[in-house]
Structure formats: structure tokens, C-alpha cells
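Structural features, examined
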Amino acid sequence: TKEGQISATQYVTDSLKAVFGKNTPIYGALGNHEGYPVNIFAPPPGTEWLYMPVSQQWAQWLPEEARLTFEYGGYYTVSPEKGLRFISLNMNYCNSGNFWLFVNENDPAGELEWMVKVLQQAEDNNEKVFILGHIPPGNSDCLQDWSNLFHQIVNRYEDIIMGQFYGHTHDDSFEVFYTTEGSVK
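Overview of the structure. Please read these numbers as outputs of a predicted model, since none were measured by experiment.

There is a patch of nonpolar side chains on the surface, built from Phe99, Trp100, Phe102 and Val103 and spanning about 500 Å² of accessible area. Following the sequence through the fold, Phe99 ends up in the loop between β2 (84-88) and α4 (111-124).

A word on the nonpolar core. Counting residues in hydrophobic clusters, the biggest one holds 40 residues, and the most contacted among them are Trp58, Ile87, Leu89, Met115, Leu119 and Phe150. Listing elements by their share of this core, those giving two or more residues are α2 (48-57), α3 (64-73), β1 (76-81), β2, α4, β3 (128-132) and α5 (144-156). At six residues, the largest contribution of residues to this core is made by α4. Ignoring anything within four residues of it in the chain, the contact list for Met115 reads Ile87, Leu89, Phe150 and Ile153.

Here we take up the pairing of β3. In terms of strand pairing, β2 meets β3 through five bridges, oriented parallel. Its bridge partner being in β3, Leu84 is matched across the sheet by Lys128. Following the chain from β2 across α4 to the adjacent parallel β3, one finds a crossover that is right-handed. As defined by bridge partners, β3 adjoins strand β4 (residues 161-165) across four bridges and the pair is classed as parallel.

With that settled, the discussion passes to unusual backbone geometry. Here the residue pair Tyr36 and Pro37 is connected by a cis peptide bond, since its omega of -10 degrees sits within 30 degrees of zero. Mapped onto the elements of the fold, Pro37 is located in the loop between α1 (2-20) and α2. Looking along the chain, the bond that leaves Pro44 and enters Pro45 is cis, with omega of 5 degrees. Looking at the element boundaries, Pro45 is found in the loop between α1 and α2.

On to the packing of aromatic side chains. Aromatic rings in a pair are described by how distant their centres are and how their planes are angled relative to each other. In the structure shown here, the tally under the stated rule is nine aromatic pairs. Residues Phe86 and Phe130 carry aromatic rings whose centres are separated by 6.0 Å and whose planes lie at 35 degrees to one another, so their mutual orientation is tilted. Here Phe130 lies in strand β3 and Phe86 lies in strand β2, a separation of 44 residues in the sequence. You can call Phe86 buried: its relative accessible area is 19%. Taken together, the ring pairs connect Tyr27, Phe86, Phe130 and Phe165 into an aromatic cluster. It is Lys17 that lies over the ring of Trp61; its NZ or CZ is 5.6 Å from the centre.

Definitions and limits used
- Residues numbered from 1 in each chain as written.
- Predicted model: local features only at pLDDT ≥ 70, side-chain atom pairs only at ≥ 80, totals over all residues.
- Heavy atoms only, no water.
- Patch = residues over 30% accessible without salt bridge, like charges linked within 9 Å, V, L, I, M, F, W, Y side chains within 5 Å.
- Areas by Shrake-Rupley, 256 points an atom, 1.4 Å probe, with all protein chains shown as cover.
- Salt bridge = Lys/Arg side-chain N within 4 Å of Asp/Glu carboxyl O.
- Helix = DSSP H or I, 4+ residues; strand = E, 2+ residues; numbered from the N terminus.
- Core = buried A, V, L, I, M, F, W, Y, C linked by side-chain atoms within 4.5 Å.
- Buried < 20%, exposed > 50% of the residue type's maximum accessible area, 1.4 Å probe, protein only.
- Contact = heavy atoms within 4.5 Å.
- Pairing = 2+ DSSP bridges.
- Right-handed = clockwise from strand over helix to strand, strands pointing away.
- Phe/Tyr/Trp six-rings, centres within 6.5 Å; stacked < 30°, edge-to-face > 60°.
- Lys NZ or Arg CZ within 6 Å of the ring centre and 35° of its normal.

What follows is the structure, encoded as C-alpha cells:
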């Protein structure tokens, strides 16, 4: 149930707080099992039943601006210190099991457009960026068109993106991003 999903997320959040304490910031990303039914994340405002309570659960770690984008689409950015930025993406907007993507598979929550703005601002401010998410782009569970758009963005901002971290596969693995054809790098 929706209530069960919120309760499970609260349990994990409380457990992290108990282990790491109040002073350790934790930056998470939603997975495909947080939706109800599993894999189903409607474009905004359709999943606010999940985003609003999780935003409250994570409030001690997320500044107001980050909570606003999370409450809208389940994604956010934070800069915990000068020169460093984390971008947490809601990879459920590329999930091939999400039937809502038949309506708009390219950028249903404006997340990629938002990410470009965040990365441009990070570049302008000489920040280094780490990207967090659940379903890895390029994975068979992430739609190919969405992955291609994402890779174009990553190629453009490759000088400031220091790493990307994903879950979902339950394996230790890595993926190499190649520079696009015609690039000088």
C-alpha cells in the first residue's frame, strides 16, 4: 500500500539516523520499489503522496530549495560545502516498467532540463558534482531515449562531474562513458 511504502521509507530513514547520528548528512535517492505499485511514478503532481512525506523524513538533510524540487518530482541538489555539489535524480522517470512514461518518455518531470540548469550553475561556480540515482542510465531497465539524452548532458559537463553512483542492479559494477563523436576531448 502507499502507507506501507511511506512506513518502510520512514523505517530506513530512522535506522540511518540511529546509526549515523544527527550530525552526519545523508543524501538518498528513491528506488523503483518506493512507488505503489512497484515501478509506478506518475509525472508531477501524481506521486506527491510519496514525495511530501519523504521530504519531511529527510528534512534535516535537505535545505528548503532541495525539498521543493523533491516534493515536485523526487529529485534535488545540495551543496554541502563550497565547491561541491550532489545531484540526486529520480531515475524512475526512465524506468521501462513505469507505464506513465507512455505519456512522455523523454523528460516527464522536467528533471533533465532542471539538471542542465544545475550543472551550468555548478560549472559557473567552479563546483565539482557527484550524481546519485537508482537505475543506472544505459541499463536495460532505463529507457534508451532517456539514457541517450542523459549521456549527452553528461558529455557536455564531463569536466565537472566527478562520479555517478547508482543502485538497482545489486552488483558492484562500473560503466565507462565515451566522448561523443566529433568532440575534441
